[in-house]
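Now for the letters of each chain:
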Amino acid sequence: AQSVAQPEDQVNVAEGNPLTVKCTYSVSGNPYLFWYVQYPNRGLQFLLKYITGDNLVKGSYGFEAEFNKSQTSFHLKKPSALVSDSALYFCAVASGGSYIPTFGRGTSLIVHP
Amino acid sequence: GAGVSQSPSNKVTEKGKDVELRCDPISGHTALYWYRQSLGQGLEFLIYFQGNSAPDKSGLPSDRFSAERTGGSVSTLTIQRTQQEDSAVYLCASSLGRGLADTQYFGPGTRLTVL
């Protein structure tokens with residue numbers, strides 16, 4: 001079985017400050033990890049993914065995420081937050097014999113001007 | 001190019017009525033997923049189609065829910081005898097169907113309200 005946890009329902013950060021949105025996972029094999037973003041009244045949009053190789057993955061809109069196998073984490077980060085980054089962020093994991101990713105409950109990111 | 005489209009964007013229905021939700025995936029994508037998003041509940045997997053294989057229906061919450069995919073392209077999710085707890089946003093996604101590393105491309109969703 002595979003699972004993913006996003007321990008924070010909401011993250012608040014001031015514009016210009018660094019942001020982190022946390023994600024931890026549990027799988028029985030090697031994980032494939034994803035981050036998606038959802039703006040209001042829109043579908044989810046792909047940000048970045050980890051398949052193998054370099055633990056630091058760079059994605060769209062200046063976001064990056066670090067795969068940490070020992071801590072089973074894949075936290076999303078950005079050095080300097082923008083108000084326009086305010087949205088709902090979902091972490092997802094796929095592994096083993098299931099072609100169906102498991103999504104976290106989502107974290108609402110609010111960037112204050 | 002064209003992304004995943006879904007129709008209608010909003011649907012209001014009365015309890016007990018049947019509804020059909022449509023998804024047009026990206027051309028060439030062999031994998032298609034349906035999810036349900038309820039407030040504060042994240043994404044709930046419903047059903048998965050891959051090419052000509054039998055669909056994975058393991059996420060369907062009850063036998064009132066069914067889905068089909070015609071010609072390996074358009075998919076329709078049908079909810080019979082709708083209940084108020086069916087109110088949610090129904091999201092469709094498609095992908096190339098090449099494996100676990102596939103990126104999913106989501107449609108804008110259909111917001112279903114059951115009165």
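Summarised in this report is the structure supplied together with it.

What counts and what doesn't
- Residues numbered from 1 in each chain as written.
- Chains lettered and ligands numbered in written order.
- Predicted model: local features only at pLDDT ≥ 70, side-chain atom pairs only at ≥ 80, totals over all residues.
- Heavy atoms only, no water.
- Core = buried A, V, L, I, M, F, W, Y, C linked by side-chain atoms within 4.5 Å.
- Buried < 20%, exposed > 50% of the residue type's maximum accessible area, 1.4 Å probe, protein only.
- Helix = DSSP H or I, 4+ residues; strand = E, 2+ residues; numbered from the N terminus.
- 1 Å grid on protein atoms, 1.4 Å probe; cavity = no way out; pocket = protein on both sides within 12 Å on 5 of 7 lines; lining within 4 Å.
- Points joined across faces, edges and corners; volume = space filled by probe spheres on them.
- Phe/Tyr/Trp six-rings, centres within 6.5 Å; stacked < 30°, edge-to-face > 60°.
- Pairing = 2+ DSSP bridges.

**Observations concerning the nonpolar core**
Here's step 1: In terms of nonpolar packing, the biggest core is built from 27 residues, with Trp-35, Leu-47, Leu-48, Phe-74, Leu-76 and Tyr-89 of chain A touching the most fellow members.
Here's step 2: Put simply, the parts of the chain that give this core at least two residues each are strand E2 (10-14), strand E3 (19-21), strand E5 (32-38), strand E6 (44-50), strand E8 (64-68), strand E9 (73-78), strand E10 (87-94) and strand E12 (107-112) of chain A.
Here's step 3: Among the elements that line this core, the one with the most residues is E10 of chain A, at four residues.
Here's step 4: Grouped together as the second largest cluster of nonpolar side chains are 20 residues, Leu-60, Phe-65, Cys-92 and Val-114 of chain B included.

**Things to note about empty space enclosed by the protein**
Here's step 1: According to the stated counting rule, one finds one cavity of 30 Å³ or more in the structure shown.
Here's step 2: The computed volume of the largest cavity comes to approximately 30 Å³.
Here's step 3: Ala-94, Tyr-99 and Pro-101 of chain A together with Tyr-33, Ser-95, Gly-99, Leu-100, Asp-102 and Gln-104 of chain B are the residues that line the largest cavity.

**A look at the packing of aromatic side chains**
Here's step 1: According to the stated counting rule, one finds 14 aromatic pairs over all chains in the structure shown.
Here's step 2: An angle of 25 degrees between the planes, with centres 6.2 Å apart, marks the rings of Tyr-25 of chain A and Phe-67 of chain A as stacked. Taken together, the residues Tyr-25 of chain A in strand E4 (residues 24-26) and Phe-67 of chain A in strand E8 connect sequence positions 42 residues apart.
Here's step 3: Judged by relative accessible area, which is 7%, Tyr-25 of chain A ranks as buried.
Here's step 4: An aromatic cluster is defined as three or more aromatic residues linked by ring pairs; in this entry it consists of Phe-34, Tyr-36, Phe-46 and Phe-103 of chain A together with Tyr-33, Tyr-35, Phe-45, Tyr-48 and Phe-106 of chain B.

**Side note on the pairing of strand E3 (residues 19-24) of chain B**
Residues and elements named next belong to chain B.
Here's step 1: Of the two faces of E3, only the one carrying Val-19, Leu-21 and Cys-23 is buried; Glu-20, Arg-22 and Asp-24 on the other face are not.
Here's step 2: Two strands pair when backbone bridges link them, and E3 and strand E7 (residues 75-79) are joined in this way by five bridges, in the antiparallel orientation. When the sheet's bridge partners are listed, Cys-23 is paired in E7 with Ser-75.

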